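# Close look at the chain arrangement
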Number of protein chains: 2
Amino acid sequence: MLLEREKTIDNKIIDNIRSLSIDMITNAKSGHPGICLGAAPILYALYKDHINIDTNYPNYFNRDRFIMSAGHGSALLYSTLFFAGFPITLDDLKSFRQLDSITPGHPEYGKTPGVDMTTGPLGEGISSAVGIAMAERYLNAYFNDKKKDLINYYTYVLASDGDLMEGASYEACVLAGNYNLNKLIVLYDMNGVCLDGEVSKSTNENLTLRFSSINWNVITVENGDSYEEISKAIEEAKTETTKPTIIAIKTIIGKHSIKEGTSDVHGTPLTEEEVTELKNKLDIRDVPFTVFQNLLDEFRKNVNDRCFKLNDKFINEVENLDDEAKEVIDYLTSEDKSIDLKNLAYQLPEKMEEKGRVTSGKILSSIVTKYPYILGGSADLFKPTCTYVDEVGDFSKDNYKGKNIYYGVREHAMAAISNGLALCGIRPYASTFLAFSNFMFPSIRLACMMHLPITYIFTHDSISVGEDGPTHQPIEQLSQLRDMPNLEVFRPADVNEIIGAYKVIYSNKENPSAILLSRNTLPILNCTKTNEVVKGGYIARDFQTDKKAILISSGEELSKCIDIATKLQSKGIGIRVVSVPNINRFLSQDKEYIDEVLPVEIKKIVIEASNSKDWYKIIYNLNNVININEFGVSAPKDDVYKHFEFDIDSLQSKIEEIIK
Amino acid sequence: MLLEREKTIDNKIIDNIRSLSIDMITNAKSGHPGICLGAAPILYALYKDHINIDTNYPNYFNRDRFIMSAGHGSALLYSTLFFAGFPITLDDLKSFRQLDSITPGHPEYGKTPGVDMTTGPLGEGISSAVGIAMAERYLNAYFNDKKKDLINYYTYVLASDGDLMEGASYEACVLAGNYNLNKLIVLYDMNGVCLDGEVSKSTNENLTLRFSSINWNVITVENGDSYEEISKAIEEAKTETTKPTIIAIKTIIGKHSIKEGTSDVHGTPLTEEEVTELKNKLDIRDVPFTVFQNLLDEFRKNVNDRCFKLNDKFINEVENLDDEAKEVIDYLTSEDKSIDLKNLAYQLPEKMEEKGRVTSGKILSSIVTKYPYILGGSADLFKPTCTYVDEVGDFSKDNYKGKNIYYGVREHAMAAISNGLALCGIRPYASTFLAFSNFMFPSIRLACMMHLPITYIFTHDSISVGEDGPTHQPIEQLSQLRDMPNLEVFRPADVNEIIGAYKVIYSNKENPSAILLSRNTLPILNCTKTNEVVKGGYIARDFQTDKKAILISSGEELSKCIDIATKLQSKGIGIRVVSVPNINRFLSQDKEYIDEVLPVEIKKIVIEASNSKDWYKIIYNLNNVININEFGVSAPKDDVYKHFEFDIDSLQSKIEEIIK
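Below you will find a few notes about this structure. Since the structure is predicted, the reported quantities are computational estimates derived from the model, not experimental observations. Throughout, a residue's number is its position along its own chain's written sequence, starting from 1. Following the order in which they are written, the chains are lettered starting with A and the ligands numbered starting with 1. Under the rules for a predicted model, residues below a pLDDT of 70 receive no local features and side-chain atom pairs below 80 are neither given nor counted, while totals for whole chains, interfaces and linings still include all residues. The side-chain figures draw on all heavy atoms in the structure; neither hydrogens nor water molecules are used.

## Some points on the packing of helix H14 (residues 356–370) of chain A against helix H19 (residues 495–507) of chain A
A pair of packed helices can be characterised by two numbers: the angle between their axes and the separation between those axes. Residues and elements named next belong to chain A. Fitted lines through C-alpha atoms serve as axes, helices being fitted only where they are in contact, and the angles separating the N-to-C directions of these axes extend from 0 to 180 degrees. Only DSSP runs of H or I covering at least 4 residues are called helices, and only runs of E covering at least 2 are called strands; the numbering of each starts at the N terminus. Interhelical geometry of H14 versus H19 gives an angle of 40° and a closest axis separation of 10 Å. Here H14 is positioned oblique relative to H19, judged by the angle of their axes. Considering only the axes of H14 and H19, their crossing is right-handed. When H14 is examined against H19, the residues Gly356, Thr359, Ser360, Ile363, Leu364 and Ile367 are found in contact with a partner set consisting of Val495, Ile498, Ile499, Tyr502 and Tyr506. Across the contact of H14 with H19, the residue classes break down as eight nonpolar, three polar and no charged. Convention used here: angles under 35 degrees read as roughly parallel, angles over 145 as roughly antiparallel, angles from 65 to 115 as roughly perpendicular, and any remaining angle as oblique. Each crossing gets its handedness from the near helix: less than a right angle anticlockwise from the far helix is left-handed, clockwise is right-handed. Contacts: residue pairs with any heavy atoms within 4.5 Å of one another. Gly is placed with the polar residues, together with every amino acid not listed as nonpolar (Ala, Val, Leu, Ile, Met, Phe, Trp, Tyr, Cys and Pro) or charged (Asp, Glu, Lys and Arg).

This is the structure:
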């Protein structure tokens, strides 16, 4: 019943990794045996012969990255990392998928030494890997004048059939080909079986043609159980000088188990009998978590010999850099991603008004031209979002120093790539229209989960988009963004608050932020306060006579509230206007401050052109929230406002009605 | 200054359509001239020579569909539809992008005769067109026994460079190739310029290879200004018998204007001088909205001769069908999409418990096997979502009658294709895990906007997913779905409510619904009520002694509330439990009912394992909402519950604390 293939030491190690992975899954009563058995030789080949890491310093900055895009193969990843010598113990493997373990169900960035990204939702890993490879090209170019190839890591990905089906992977792979990311190497675990059975039920794709069509190098490994063939293919891929490489490795899902080649082995643990039979076949005694010390030693020796003191060497090189370069490395390797924009110079326009997006564009330019570790791009909306930065060049295969990234109409890949850039210490930004932010949600969710300090610049906020109509007028997106844990959402009212919002965003040590900006010209108010944005909300205009009501608002609607308050004042009705550019931040202030801004006994009315429900945390009367709960309409802005009774006169009537 | 090309009547009509489109944009002071000038010959060729329509009956059921995926070309579409003879007037064109006009900024389904889908967000149109082409194959096969080729329409798409960059288009096009959708013909307006400039800045893609790799037929038209070449290419595409066709038409953006070939002409109206110069070149007098009657007559005559009384012929054919087939046609062509599931038979399991997804699966099977106009599929999660239906076969190129659609891991395309199916009168469903529902949001948004009655089946609800960890545990998705206008969101607690939810969903005449289901075994409660789901919320268990507090809950947490209420009862604490499977529906009940269920004077506590903020519309005390505001953790379900203090004991303590 033993395997007939040659029992080289390599194969013995691979089989031990296989059995260990299976033991983890059996022990957890949950997990994905199929990929662990099928792809073990791939990870072994990579870690034994190729990937540059320092197991003593898992965060060694110039390490080759490995992204387990097929995150359900976590057991295989953890057991390989254990074998390779990362600080992961056998006990950790025994706690696979248990509370507070460092070996969670899918890889989680920051939890496990050697895990470079949180993966699980298919397509995300491979797409973010493109960002990681772009970061390498950018940083390589940036430092080259000072120290050639200071940064020159490879980015490796294990991708499954499912990863390559996801739209984001197509989007991102096109960019990888366009940008000649030759140090990106995708190891494609081509087993032809997905959860619902054969891939061919939904897919009839010629892989070589597909990747050739987007300027990739394609290598095929016929025998995915042969470590030697795989290692040779990776060696070949590393010699490629212009194109990214995909190595299509023909594997068999659940290899060597009785269910091999079927989808039954994808996501259900093997039975006791099946495990016994498998171990018999692999010639490993049927005792859970058996590890052969000689095999472990052999693997670790290999890794150590190849990667001897890589971190120390890197540190030495950094020490010889000039101060400017050192500072950049400090930032890139720091966990604290805050940047103090205290001295942000801002030239106010002559007329006391400016388009929200224009203000944002000026600020962004001043930041991007100053900090080498801030770069970003747009999903084909550089111009209308005002996020193109002059003087910093365009990122391209001929100019990796460029900082304007052309993503094309690929919002999802933009968000995923931003995750990749941020995982390399960069503080990226990404822009599109707010209405299209939902294309990015799957990747924004991962950014939130990984605490990545990305700035999303979403312009063309609200129904005030006007003529382009409902498809382009965000309604629910504001609320949906506010729903995301760890995402800070700013909806500033004018120049003063936009400056304040940027300062707060960049003062954050971690976590992503979204800034929502109007396409329209906004008056610059004399009552808005840059320094109060940090509190999320504050009194913009106070009562002058009696304390009749408080208007609470954000963004473009704030100036309308100020106007209405002034009008009501002239009627002797005292109105306070509270600006809330960031409601969650406001709600996290201490009770004393909140009560001071919003005294319990005074009537409160919210005006916001969206259907965000966050206000009901403040407003205990459904009638006192003036908002929009349906999709927009196509018409000039002022007509749209009138249609929704969001013009000043209608708002004023409604407010007066509520106050009565 | 006149054009040098031959002024055939065709070119004269094309130029008149061009000038008309430009007049609309100039008049609206807003719109996209580039595509209108560049792609006018494409639409002309299609409408003059190919597309089968009945301008007197724009909804003629077997019409060829046309999807303007590049929705920003709306002015061109409207002026072409006007020229073709649809009931659109010159006044309508003059109201382009104005309030209440039938010519909105981007095409809107249901607003304009001849517009087959709402488009604007790039990638959506072409992806939904795949669904429209699948509907044709399915319906063709369904009716073939009774009347060969009763349904045999072509699906035409105008796609821009941006459409083909979007990930969803890749996903959907793979499926089109896999399913041999030979009657899908994509007219690719290949002008090589997107909003930010040349496409080549982000894209280096060999189109022929790309589409060849996924089993498409590729035709190239070198001169995109030649109506004849385009028409010939479409003719050729129609003879293709197995593959979908993409016709790459080399056009020039803003053709004949001074800005032709540049991105400046993409989205900004031409200046007065530029318009004058253009019209001079086109030999059209510079009077806005000039239409040459002879050209209009010529075009309309062509269309009429070719499409004479198509609707009448179709109606005649239908009248000769048997009753069963007639009934299906009635449903497909009806605006009322409700289905009465009154007599839904449901076999309760022996033990009084069942997995939520299993209950759902049984109900779905009974529906899908019964109604020919209900079909759907899964994004590679048929098995875990329990949405594979036995006995109805798999949709494939060898069996278009099959009703299980294998989408592969392509959530976005699944949602877009579902829109396409629904646009053809079908009532489709689509399934994946709730955590991945956000991949589908851009298409769900359009379904909401178009009032399409799609059923989204999202299983693996909440942190109770357990071991698979935070990437697979939905937190914000519930709230985000509830944020979408026109989407009904059901989170039923057990078998009784799941049955109730399906009945309400299928009783809806329009609009999409989402049903959220646990992966876990749920007790079948004796207090839940199938017939009360229609109200969104109801009293599941009432006070027995004093009226101390009301627990409000949904989904999997309801049974916990019932248990806790029983425990507290034994301590003499009277608790009412209110089940709210659909909060928006509950809130839309009359005040009397709401007050009866939730009397103002009694303390209310919400328990829900998500961060949905909708509850604050009911609960005016932030402390009384027990929910989860951070991402989940990887561990067995009960450990996760304990971690979040959502186990029964912790919940009970919290509730007792609040009641105190």
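## A few points about the pattern of salt bridges
Any Lys or Arg side-chain nitrogen located within 4 Å of an Asp or Glu carboxyl oxygen qualifies as a salt bridge. Taken as a whole and assessed by the stated rule, the structure comprises 79 salt bridges over all chains. Taking the shortest distance from any N to any O, the salt bridge between Glu317(A) and Lys147(A) comes out at 3.8 Å. Of this pair, Glu317(A) sits in helix H12 (residues 310–319) while Lys147(A) sits in the loop between helix H5 (124–144) and strand E2 (155–160), and the two are 170 residues apart along the sequence. Between Lys654(B) and Glu645(B) there is a salt bridge, with the nearest N and O atoms lying 3.8 Å from each other. A relative accessible area of 24% places Lys654(B) in the partly exposed class. Buried residues are those whose accessible area, probed at 1.4 Å on protein chains only, stays under 20% of the maximum for their type, while exposed residues exceed 50% and partly exposed ones sit between those limits.

## Observations concerning the relation of the copies chain A and chain B
In this comparison the copies share one frame, found by least squares on the C-alpha atoms of residues holding pLDDT of at least 70 in both. Overlay of chain A on chain B (RMSD 0.0 Å): rotation 180°, translation along the axis 0.0 Å. Taken together, the rotation and translation describe the operation of a two-fold axis. When C-alpha positions in chain A are compared against the rotation axis, the closest is assigned to Gly167(A), at 1.9 Å. Looking at the interface residues of chain A, 100% of them are also at the interface in chain B, so both copies use one shared face.

## Some details on the packing of aromatic side chains
The rule is short: rings of Phe, Tyr and Trp, with Trp giving its six-membered ring, pair when the centres are within 6.5 Å, and they are stacked under 30 degrees, edge-to-face over 60, tilted in between. Applying the stated rule across the entire model yields 51 aromatic pairs over all chains. Ring geometry for Phe382(B) and Tyr406(B): centres 4.9 Å apart, planes at 75°, overall edge-to-face. Of this pair, Phe382(B) sits in helix H15 (residues 382–385) while Tyr406(B) sits in strand E10 (residues 404–406), and the two are 24 residues apart along the sequence. Residue classification places Tyr406(B) among the buried positions, given a relative accessible area of 9%. Centre to centre, the rings of Phe395(B) and Tyr400(B) are 5.5 Å apart; their planes meet at 50°, and the pair counts as tilted. Of the residues examined, Phe395(B) reaches a relative accessible area of 1% and is grouped as buried. Members of the aromatic cluster, each reached through a chain of ring pairs, are Tyr44(A), Phe82(A), Phe83(A), Tyr227(A) and Phe299(A).

## Some words on the environment of Thr530(A)
Residues and elements named next belong to chain A. Following the sequence through the fold, Thr530 ends up in the loop between strand E15 (521–523) and strand E16 (538–541). On a C-alpha basis, the gap between Thr530 and Met134 in space is 35 Å, while along the polypeptide they are 396 residues apart. Excluding anything up to four places from it in sequence, Thr530 contacts Asn496, Ile499, Gly500 and Lys503. A distance of 2.9 Å separates a polar atom in the side chain of Thr530 from the backbone oxygen of Asn496. For the purposes of these results, a polar contact is taken to be a pair of N or O atoms within 3.5 Å, where, inside protein, one atom must be able to donate a hydrogen and its partner to accept one; residues adjacent in sequence count only when each atom of the pair is a side-chain atom.

## What to know about the interface of chain A and chain B
Taken together, the contacts link 100 residues of chain A with 100 residues of chain B. In this description, buried area is defined as the sum, over both parts, of the accessible area (probe of 1.4 Å) that is lost when the two are combined. Counting the surface lost from both chain A and chain B, the interface buries some 8400 Å², and carbon and sulfur atoms represent 57% of this. Its largest share of buried area at the contact with chain B, chain A owes to Asp196(A), Arg445(A) and Lys613(A), together 9% of the area lost on that side. At the junction of chain A with chain B, the criterion picks out nine salt bridges. For the salt bridge of Asp483(B) with Lys613(A), the shortest nitrogen-to-oxygen distance reads 2.4 Å. Between chain A and chain B we count 57 residue pairs in polar contact (both at pLDDT 80 or more) in total. The biggest single contributor to the side of chain A that touches chain B is helix H7 (residues 167–178) of chain A, with seven residues. Grouping the constituent residues of the side of chain A that touches chain B by class yields 39 nonpolar, 36 polar and 25 charged.

## Describing the sheet that holds strand E12 (residues 455–459) of chain B
Residue and element names in this part refer to chain B. For two strands to be treated as a pair, DSSP must find at least two bridges joining them. Strand order in the open sheet formed by six strands is E10-E9-E11-E12-E14-E13, and the pairing between neighbours is parallel. Either end of the sheet is taken by a strand with one partner, and the two such strands are E10 and strand E13 (488–490). Going from strand to strand, the sheet's axes swing by 20° on average, the running direction of each strand aside. Direction of pairing for E13 relative to strand E14 (residues 513–517): parallel, over a ladder of three bridges. Bridged to Val489 within E14 is Ala514. Set on the sheet, helix H16 (residues 411–423) makes contact with strand E9 (376–378), E10, strand E11 (429–433) and E12; between it and E11 the angle comes to about 165°.

## Overview of the state of the cysteines
Only a pair of cysteine sulfur atoms within 2.5 Å qualifies as a disulfide here. What the rule picks out here adds up to zero disulfides over all chains. You can see Cys527(B) has no disulfide; the closest cysteine sulfur is in Cys561(B), sitting 10 Å from it.

## Let's talk about the nonpolar core
We define the nonpolar core as a collection of buried residues of types Ala, Val, Leu, Ile, Met, Phe, Trp, Tyr and Cys that are connected through side-chain atoms lying within 4.5 Å of one another. Ranked by size, the top nonpolar core spans 341 residues in total, and within it Tyr47(A) and Tyr47(B) carry the most contacts. Ignoring sequence-local partners within four residues, the contact set of Tyr47(A) consists of Ile53(A), Phe66(A), Leu77(A), Thr80(A), Leu81(A), Ala84(A), Phe86(A), Phe299(A), Val303(A) and Arg306(A). Counting residues in hydrophobic clusters, the runner-up holds 102 residues, among them Ile575(A), Leu651(A), Cys527(B) and Tyr538(B).

## Concerning helix H11 (residues 293–306) of chain A
Residue and element names in this part refer to chain A. Given a rise of 1.5 Å per residue, 14 residues ought to cover 20 Å, and the 20 Å separating the end C-alpha atoms of H11 matches this to within 8%. Turning to H11, its buried residues number three or more, namely Leu295, Leu296, Phe299 and Val303. Across the axial projection of H11, the buried residues extend over an arc of 105°, all falling on one side. Multiply 1.5 Å by the residue count of a helix minus one, and that product is the helix's expected span. In this description, one arc is meant: the one made by directions from the helix axis to the C-beta atoms.

## Brief notes about the sheet that holds strand E14 (residues 513–517) of chain A
Residue and element names in this part refer to chain A. Spatial strand order, E10-E9-E11-E12-E14-E13: six strands in an open sheet with parallel pairing. Each edge of the open sheet is held by one strand with a lone partner, namely strand E10 (404–406) and strand E13 (488–490). Pairwise comparison of adjacent strand axes, ignoring direction, gives a mean angle of 20° for this sheet. Pairing analysis gives three bridges linking strand E9 (residues 376–378) to E10, with the strands arranged parallel. Bridging across to E10, Ser378 finds its partner in Tyr406.

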